[in-house]
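# Summary of structural features
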Amino acid sequence: MNIVLIGYMGSGKSLVGRDLAKKMKLEYLDLDDYIESQEKKTISKIFEDHGEIYFRKKESSYLKEVLDTCNDSVISLGGGTPCFAGNLEIIKENKNNKSVYLQTSLDELTKRLFIERAKRPLIAHIKTIEELKDFVRKHLFERSFYYNKADHRVITDQKNASQISEESISVLF
């Protein structure tokens, strides 16, 4: 079984993914890291050089590649991955994949992302916490339709990666 972690940027998919894979003795793959290694560029540089549409096409292609080749893995997706190019359907059509939505509140996401926004191409331009909160609110509204189609949901607020991993294991089995 592949466990596919979805959720908004800053929800902890990478951190939880590594912890979950270790606890379950599975392989771990971060789709963004995989894309960077295949493209030989950072996600930020891909956005800068080619734009979001190019990135989303590549992201979808690499997602298919990863899902076709990975077995018994924890796979962390980018925040937008399930929302574009039929990617959620690609994940859900294979019964070997179980998706978990790491749901994080607007306030918690805003707090986490404001600190690290320079490293995130979609929000690097945002200057104030209020601007960021509005940006995240809009995206959550647009993306929640996709996120809520995950097989399982784990609320991440007030929990560390280990607690979220344990809760993910309990909802999966």
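Residues numbered from 1 in each chain as written. Predicted model: local features only at pLDDT ≥ 70, side-chain atom pairs only at ≥ 80, totals over all residues. Heavy atoms only, no water.

Bringing the overall build of the protein into the picture now. Across its full length, the protein carries 7 helices and 5 strands. Taken from the N to the C terminus, the helices and strands of the protein come in the order β-α-β-α-α-β-α-β-α-α-β-α. Per-residue burial for the protein yields a buried fraction of 46% across its 173 residues. Here the analysis covers contacts within the protein between residues at least 6 apart in sequence; of these, 72% occur between residues at least 24 apart. Accessible surface, the protein as shown: approximately 8900 Å² in total, 53% of it carbon and sulfur. For the protein, the distance from the average position of its 28 positive side-chain charges to the average position of its 27 negative side-chain charges is 1 Å. (Helix = DSSP H or I, 4+ residues; strand = E, 2+ residues; numbered from the N terminus. Buried < 20%, exposed > 50% of the residue type's maximum accessible area, 1.4 Å probe, protein only. Contact = heavy atoms within 4.5 Å. Areas by Shrake-Rupley, 256 points an atom, 1.4 Å probe, with all protein chains shown as cover. Lys, Arg positive; Asp, Glu negative; His and termini not counted. Charge placed at Lys NZ, Arg CZ, Asp CG, Glu CD.)

For the structure shown, the criterion picks out 4 aromatic pairs. A centroid spacing of 5.1 Å and a plane angle of 85 degrees characterise the contact between F145 and Y146, whose relative ring orientation is edge-to-face. Taking NZ or CZ as reference, R117 lies 3.8 Å from the ring centre of F114, over its face. (Phe/Tyr/Trp six-rings, centres within 6.5 Å; stacked < 30°, edge-to-face > 60°. Lys NZ or Arg CZ within 6 Å of the ring centre and 35° of its normal.)

What follows is about helix 5 (residues 106–116). Within helix 5, the full set of buried residues consists of L106, E108, L109, T110, L113 and F114. Residues of helix 5 that are buried in the fold lie against helix 6 (129–147).

Another point: the environment of L113. Within the secondary structure, L113 is located in helix 5. Here the alpha-carbon distance between L113 and G10, two residues 103 residues apart in the chain, equals 6.0 Å. Each residue touching L113, except ones within four places of it in the same chain, is listed here: Y8, M9, G10, R120, I123, L132 and V136.

In this section: the sheet that holds strand 4 (residues 97–103). Strands sit in the order 2-3-1-4-5 across an open sheet of 5 strands; the sheet is parallel. Whereas interior strands pair on both sides, the edge strands pair on one side only; in this sheet they are strand 2 (27–30) and strand 5 (152–155). Mean inter-strand twist for the sheet, computed between neighbouring axes without regard to direction, equals 20 degrees. Pairing of strand 1 (residues 2–6) with strand 3 (residues 73–76), which is carried by 3 bridges, proceeds in the parallel orientation. Residue pairing for strand 3: V4 is matched across the bridge by I75. (Pairing = 2+ DSSP bridges. Axes fitted to C-alpha atoms, helices over the stretch in contact; angles between N-to-C directions.)

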